[in-house]
Amino acid sequence: LRAAAALVGSAGVLYGDGMWDPVSNPDVAGFPDAISQTPVLLDTSIEDYTLPNGDTWWNFRNIRSPAKIFLNIRGIVQGHMEPVEVGLDGPWAGVFAQAYSLGNATAKHLLLGDCEACLRNAVPYGLAGMRNSGDGEVGILLCDPDQPPWPEAFGALCTAPWPA
């Protein structure tokens, strides 16, 4: 199983269950060190009331991979079923896979760059005080070892152990 896992180039987790919960994860204690190299995209929305507030942020903070993105979508969303009913995040999961599994530089720029079509400008994200914003403040956090984190004000959260 470990050999197969080593072949995984990236993971996109859309509205994933909280790995702090033993109902979803039989090895809660082992989770923080389980993902240390695989790039991961984690997203949720301010309207997701199916999962407990902060689930995706807990997962993000406990993933040790240096390449990871947290996105709390705001705007035209349908809560927990957004990936099925609206699909705003599905294309971004594909861009993430192209960037990190296939090494596509254009895709990586769309994720981490600052252009009109880039993630930070193309997708509205949660603001401070909104449901599911990380630590009550973070609506998006782009972490990559080859680039400065964005927004830089939250950059330390890319690598800080949980709890901070």
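In case you missed it, the structure is sitting above this.
Note on numbering: residues in each chain are counted from 1, in written sequence order. Two thresholds apply to this predicted model, a pLDDT of at least 70 for residue-level local features and 80 or more for giving and counting side-chain atom pairs, whereas whole-chain, interface and lining totals are computed over all residues. Side-chain measures here rest on the full set of heavy atoms in the structure, leaving out hydrogens and waters.

1. Digging into the overall build of the protein chain
Put simply, the test is: Helix and strand labels come from DSSP, where a helix needs a run of H or I of at least four residues and a strand needs a run of E of at least two; each type is numbered from the N terminus. Here's how the labels work: a residue is buried when its accessible area is under 20% of the maximum for its type, exposed when over 50%, partly exposed in between, all with a 1.4 Å probe on protein chains only. We get accessible surface area from the Shrake-Rupley algorithm with a probe of 1.4 Å; when it comes to residues, only the shown protein chains can shield them. Residues scored as positive are Lys and Arg, those scored as negative are Asp and Glu, and His as well as the terminal groups of each chain are ignored. Note on charges: their place is set at NZ of Lys, CZ of Arg, CG of Asp or CD of Glu.
In terms of regular secondary structure, the protein chain is built from seven helices and five strands. Put simply, the protein chain runs from its N terminus to its C terminus through helices and strands in the order α-β-α-β-α-β-α-α-α-α-β-β. Taken across its 164 residues, the protein chain has 43% of its residues classed as buried. If you sum the accessible surface of the protein chain, you get close to 8,200 Å²; carbon and sulfur atoms cover 58% of it. Across the protein chain, the mean location of the 8 positive side-chain charges is 6 Å away from that of the 18 negative side-chain charges.

2. Section: the packing of helix 5 (residues 90-101) against helix 6 (residues 105-112)
Rules: Every axis in this analysis is a line fitted to C-alpha atoms, fitted for helices over the stretch in contact. Angles between the N-to-C directions lie between 0 and 180 degrees. Oblique is the label for any angle not under 35 degrees, not over 145, and not in the 65 to 115 range, which are roughly parallel, roughly antiparallel and roughly perpendicular in turn. By convention the crossing between two helices is left-handed if the near helix lies anticlockwise of the far one by an angle smaller than a right angle, and right-handed if it lies clockwise. In what follows, a contact means two residues having at least one pair of non-hydrogen atoms within 4.5 Å. The classification used treats Ala, Val, Leu, Ile, Met, Phe, Trp, Tyr, Cys and Pro as nonpolar, Asp, Glu, Lys and Arg as charged, and all other residues, Gly among them, as polar.
Axis separation between helix 5 and helix 6 bottoms out at 7 Å; the angle between their running directions is 130°. The orientation of helix 5 with respect to helix 6, classified from their angle, is oblique. In terms of crossing hand, the pair formed by helix 5 and helix 6 is left-handed. Counting all contacts with helix 5, which are made through Trp92, Val95, Phe96, Gln98, Ala99 and Tyr100, the residues of helix 6 involved are Ala107, Lys108, Leu110, Leu111 and Leu112. Split into classes, the residues belonging to the contact of helix 5 with helix 6 amount to nine nonpolar, one polar and one charged.

3. What about the nonpolar core?
The tendency in soluble globular proteins is for nonpolar side chains to be buried as a group. We count it as follows: Grouping buried Ala, Val, Leu, Ile, Met, Phe, Trp, Tyr and Cys residues that are joined through side-chain atoms within 4.5 Å yields what is termed a nonpolar core.
Counting 19 residues, the largest nonpolar core has Ile69, Tyr100, Leu111 and Leu119 as the members making the most contacts within it. Mapped onto this core, the elements with two or more residues apiece are strand 3 (68-73), helix 5, helix 6 and strand 4 (140-144). Among the elements that take part in this core, helix 5 stands out by supplying six residues, more than any other. In this view, tyrosine 100 contacts Gly9, Ser10, Pro39, Ala67, Lys108, Leu111, Leu112, Cys143 and Asp144; residues no more than four positions away in its chain are not counted. If you look at the next biggest cluster of nonpolar residues, it comprises 14 residues, including Phe31, Phe70, Val138 and Cys143.

4. Let's talk about the pattern of salt bridges
Going by this rule: For this analysis, a salt bridge means a side-chain nitrogen from Lys or Arg found within 4 Å of a carboxyl oxygen belonging to Asp or Glu.
Under the counting rule described, the total for this entry stands at three salt bridges. Two residues, lysine 108 and aspartate 144, come together in a salt bridge whose shortest N-O distance is 3.2 Å. Placement of lysine 108 in helix 6 and of aspartate 144 in strand 4 is noted, with a sequence separation of 36 residues between them. Residue aspartate 146 is joined to lysine 108 by a salt bridge in which the shortest nitrogen-to-oxygen separation is 3.6 Å. In this pair, aspartate 146 sits in the loop between strand 4 and strand 5 (147-150) while lysine 108 sits in helix 6, placing the two residues 38 residues apart along the sequence. A relative accessible area of 64% means that aspartate 146 is categorised as exposed. It is possible to trace a salt-bridge network through shared partners that takes in Lys108, Asp144 and Asp146.

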